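Overview (structure and organization)
Residue-level listing of the chains:
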Amino acid sequence: MTILSLARFQFAMTTVYHFFFVPFSIGTAFIVAIMESMYVSTKDETYKKMAKYWGNIFLLSFAVGVVTGLIQEFQFGMNWSDYSRFMGDIFGAPLALEALLSFFMESTFIGLWVFTWKKVRPGVHLFFIWMTSIGSLTSALWILTANSFMQHPVGYEVKGGRAVMVDFGALLKNPQLWYEYGHVILNAIMMGGVIIAGLTAFQLLKNKKLSEANKKFYKKSMRIGLLFALIFSIGGIALGDVQMQYLIKEQPMKFAATEDVFTTTGKHAPWTVVGIADMKEHKVKDNIDIPYALSILSYHKTTGAVTGMNELNAQYKKKYGKNLDYYPPVNTLFYSFRIMCAIGAWIFLVSLVGLIMTREKSKKPLAQRRWALWCIAITTFLPFIGNTAGWFVTEFGRIPWTVYGLFTIAESVSPNVSVGSLLTSNIVYFVLFTTLAITLIWLIVRELRKDPSEAIEPKFKKVLDPFDKEAF
């Protein structure tokens, strides 16, 4: 164990745990806002119950996401101080906007939304949840603005050994940002739909005898969840395809690694379905290929060569220096990419079939098809895996850089941390995150046990004396 490996593990661990909850809260907040919008427009009380019921699930994910986000920022300053010194002028601006604008707006309107169900008009209350959702959407925008600079630096100059921002507008116009942001948001809303549909499926599997009101509630929840999962899975797949074509030009090493391409292909590039990358000999073993398929996937035509990692590594050695190995962890990228794509395709298929089964004309209701309910229920967990695999592709594909072409991972780590301190903090963070995850699951299960008809805002005992012991 080295300082660098432990620091990298800690960054990966805190990022993965945090990103379990970020798309969870973004997606559920957006769908809850849609549900309340339908209540305001139709006056159907079922939609109001849905907004309250699923809104409680959103609140739990938001609370845990805040805690994990704070820990992630703390380890940045502790383990990556040299990176912070190099990138502080650029990284600080979008992070400040995220905290002072987006997070402030999100946390303020969450409070207003939770405690004012009967205190303001429905239209005003609807405004609160939409502002909460917009706050979460813009929060992701500022975070990804910083991350996109790390992938594709723009609008900067290097002065005194530091990257200095010269054009903030260039950061917002960065094409990497909009591909990345669009892909993240589409998949976050898809995840929200999957979670609502999946948790509904668990409820239907558990409760065989339901009141008519609850049947209506769960049917509408299932339909909305599956609809959003279907629409946004299609959007995520389509934008992911466009994003990969962008990577062919801007980050060809990352793209070649996701496809196990060590040697530059001919004009008819085969697609490797499975294979094992040998990082010592820089070639693929035990591979199964489909002729022409990679050219079709990459360029949407049967001709088109893909530059191999061996050639790209030689180019980078001439451009950036011979003392580095520019190969990313190929097997990790190759299988992470396939896991992500397979999960996206599965969610599309399950959502499509589920929607067909929930039609009014369906001969047998979905609630009576236990095998279908189990498929939807198990799918609840897949977006967490798919999002993690997607981030593996994004972040591991940048190795050996923290800022592409400017600053390496080895240069970024803090000089004053020790193996002992990092090992201790890794253990503490892992235990803390695991405890938070278990607690969140327990609280969600507890919320799901409540009858949807009893979904009401919190009630507090009136206390006239603010100094009374029961006031707090």
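Predicted, not measured: the structure shown is a model, and the values here were computed from it.

The rules behind these values
Residues numbered from 1 in each chain as written. Predicted model: local features only at pLDDT ≥ 70, side-chain atom pairs only at ≥ 80, totals over all residues. Heavy atoms only, no water. Helix = DSSP H or I, 4+ residues; strand = E, 2+ residues; numbered from the N terminus. Rg over C-alpha atoms; globule rule 2.2 N^0.38 Å. Buried < 20%, exposed > 50% of the residue type's maximum accessible area, 1.4 Å probe, protein only. Contact = heavy atoms within 4.5 Å. Areas by Shrake-Rupley, 256 points an atom, 1.4 Å probe, with all protein chains shown as cover. Lys, Arg positive; Asp, Glu negative; His and termini not counted. Charge placed at Lys NZ, Arg CZ, Asp CG, Glu CD. Polar contact = N/O pair within 3.5 Å; in protein donor to acceptor, adjacent residues only side chain to side chain. Pairing = 2+ DSSP bridges. Salt bridge = Lys/Arg side-chain N within 4 Å of Asp/Glu carboxyl O. Axes fitted to C-alpha atoms, helices over the stretch in contact; angles between N-to-C directions. Parallel < 35°, antiparallel > 145°, perpendicular 65-115°, else oblique. Left-handed = near helix turned anticlockwise from the far one by under 90°. Core = buried A, V, L, I, M, F, W, Y, C linked by side-chain atoms within 4.5 Å. Expected span 1.5 Å × (residues − 1). Bend = angle between axes of the 7 residues up to and from the residue. Phe/Tyr/Trp six-rings, centres within 6.5 Å; stacked < 30°, edge-to-face > 60°. Lys NZ or Arg CZ within 6 Å of the ring centre and 35° of its normal.

1. Regarding the overall build of the protein
In terms of helices and strands, the protein carries 15 helices and six strands. A globule of 472 residues ought to have a C-alpha radius of gyration of about 23 Å, and the protein, at 24 Å, matches this closely. Structurally, the protein occupies a C-alpha span of about 70 × 60 × 40 Å along its principal axes. In the protein, which comprises 472 residues, the share counted as buried stands at 51%. When contacts within the protein are restricted to residue pairs at least 6 apart in sequence, long-range pairs at least 24 apart make up 78% of them. As presented, the protein carries roughly 22,600 Å² of accessible surface, and 67% of it is formed by carbon and sulfur atoms. Taking the 46 positively charged and 32 negatively charged side chains of the protein as two groups, their mean positions are separated by 9 Å.

2. A few points about unusual backbone geometry
With an omega of 15 degrees, the peptide bond between Ile-399 and Pro-400 qualifies as cis. Among the structural elements, Pro-400 can be located in the loop between helix 13 (382–396) and strand 5 (401–403). Phi at Asp-286 takes a positive value of approximately 55 degrees, unusual for a residue other than glycine. You can see Asp-286 is positioned in strand 4 (residues 283–290). Taking relative accessible area as the criterion, Asp-286 reaches 66% and is therefore assigned exposed. The phi torsion at His-300 lies on the positive side, around 60 degrees, for a residue other than glycine.

3. A look at the environment of Ile-438
With respect to the helices, strands and loops of the structure, Ile-438 is situated in helix 15 (residues 419–448). A relative accessible area of 54% places Ile-438 in the exposed class. Through-space distance from the C-alpha of Ile-438 to that of Pro-291 is 46 Å; in sequence the pair is 147 residues apart.

4. Thoughts on the side chain of Asn-187
In this structure, Asn-187 sits in helix 6 (residues 175–206). Here the side chain of Asn-187 touches His-183 through a polar contact of 2.7 Å, landing on its backbone oxygen. Sequence-distant contacts of Asn-187, that is, excluding residues within four places in its chain, are made with Gly-236 and Asn-387.

5. Some details on the pairing of strand 2 (residues 162–165)
As paired elements, strand 1 (residues 156–159) and strand 2 share four bridges and run antiparallel to each other. The partner of Glu-157 across the bridge, within strand 2, is Val-164. If you look at the hairpin formed by strand 1 and strand 2, you'll find two residues sitting between the two strands, and Gly-160 has a positive phi there, around 60 degrees.

6. Quick word on the pattern of salt bridges
Considering all chains together, one arrives at nine salt bridges under this definition. Across the pair Lys-283 and Glu-281 runs a salt bridge whose closest N-O atoms are separated by 3.1 Å. What makes Glu-281 partly exposed here is its relative accessible area of 46%.

7. Considering the side chain of Thr-265
For Thr-265, the location among the structural elements is in the loop between helix 8 (252–258) and strand 3 (271–278). In terms of polar contacts, Thr-265 uses its side chain to reach the backbone amide nitrogen of Val-306, at 2.9 Å. Contact partners of Thr-265, with chain neighbours within four places excluded, come to Ala-305 and Val-306.

8. Looking at the packing of helix 2 (residues 45–79) against helix 3 (residues 81–115)
The geometry of helix 2 relative to helix 3 is characterised by a closest axis approach of 12 Å and an angle of 160 degrees between their N-to-C directions. Compared by their axis directions, helix 2 and helix 3 come out roughly antiparallel. Every pair of crossing elements has a handedness; the one defined by helix 2 and helix 3 is left-handed. Across the interface between the two elements, Ala-51, Gly-55, Phe-58, Leu-59, Phe-62, Val-66, Phe-76, Gly-77 and Asn-79 of helix 2 pack against Ser-81, Tyr-83, Ser-84, Phe-91, Phe-103, Glu-106, Ile-110, Trp-113 and Val-114 of helix 3.

9. Things to note about the nonpolar core
Side chains of nonpolar character tend, in soluble globular proteins, to be buried together. With 84 residues, the main nonpolar core has Met-35, Trp-54, Tyr-181, Met-222, Ile-376 and Ile-444 as its most contacted residues. Per-element tally for this core: the top contributor is helix 6, with 17 residues. In terms of nonpolar packing, the next biggest core, distinct from the first, is built from 25 residues, Phe-255, Met-309, Leu-312 and Tyr-316 among them.

10. A closer look at the environment of Tyr-181
One can find Tyr-181 in helix 6. Tyr-181 sits in the buried class, given a relative accessible area of 15%. With 11 residues separating them in the primary sequence, Tyr-181 and Gly-192 have C-alpha atoms 16 Å apart.

11. Some remarks on helix 1 (residues 3–42)
If you check helix 1, its first and last C-alpha atoms are 59 Å apart, about what 40 residues at 1.5 Å a residue would give, namely 58 Å. The sharpest bend along helix 1 measures roughly 25 degrees and falls at Phe-19, with the proline Pro-23 sitting one to four residues further on.

12. A look at helix 13
With 15 residues, helix 13 ought to run about 21 Å at 1.5 Å a step, and its terminal C-alpha atoms sit 21 Å apart, in line with that. With 11 of 15 residues buried, helix 13 lies mostly within the body of the structure. For helix 13, the complete set of buried residues consists of Pro-383, Phe-384, Gly-386, Asn-387, Thr-388, Ala-389, Gly-390, Trp-391, Val-393, Thr-394 and Glu-395. As for helix 13, its buried residues are in contact with helix 1, helix 4 (122–151), helix 6, helix 8, helix 11 (330–357) and helix 12 (370–379).

13. Some remarks on the packing of aromatic side chains
The tally for this structure, following the rule as stated, stands at 37 aromatic pairs. Between Tyr-53 and Trp-54 the ring centres are 5.1 Å apart and the planes differ by 90 degrees, which places this aromatic pair in the edge-to-face class. With a relative accessible area of 4%, Tyr-53 lands in the buried category. On the basis of relative accessibility, which here comes to 1%, the residue Trp-54 falls in the buried class. Three or more aromatic residues joined by ring pairs form one cluster here, namely Tyr-17, Phe-20, Phe-21, Phe-24, Phe-384, Tyr-429 and Phe-433. Its end group placed over the ring of Trp-117, Lys-52 keeps NZ or CZ at 4.9 Å from the ring centre. The positively charged end of Arg-338 is found above the aromatic ring belonging to Phe-334, 3.6 Å away from the centroid.

Without other data, these values stay purely geometric and don't point to any function.
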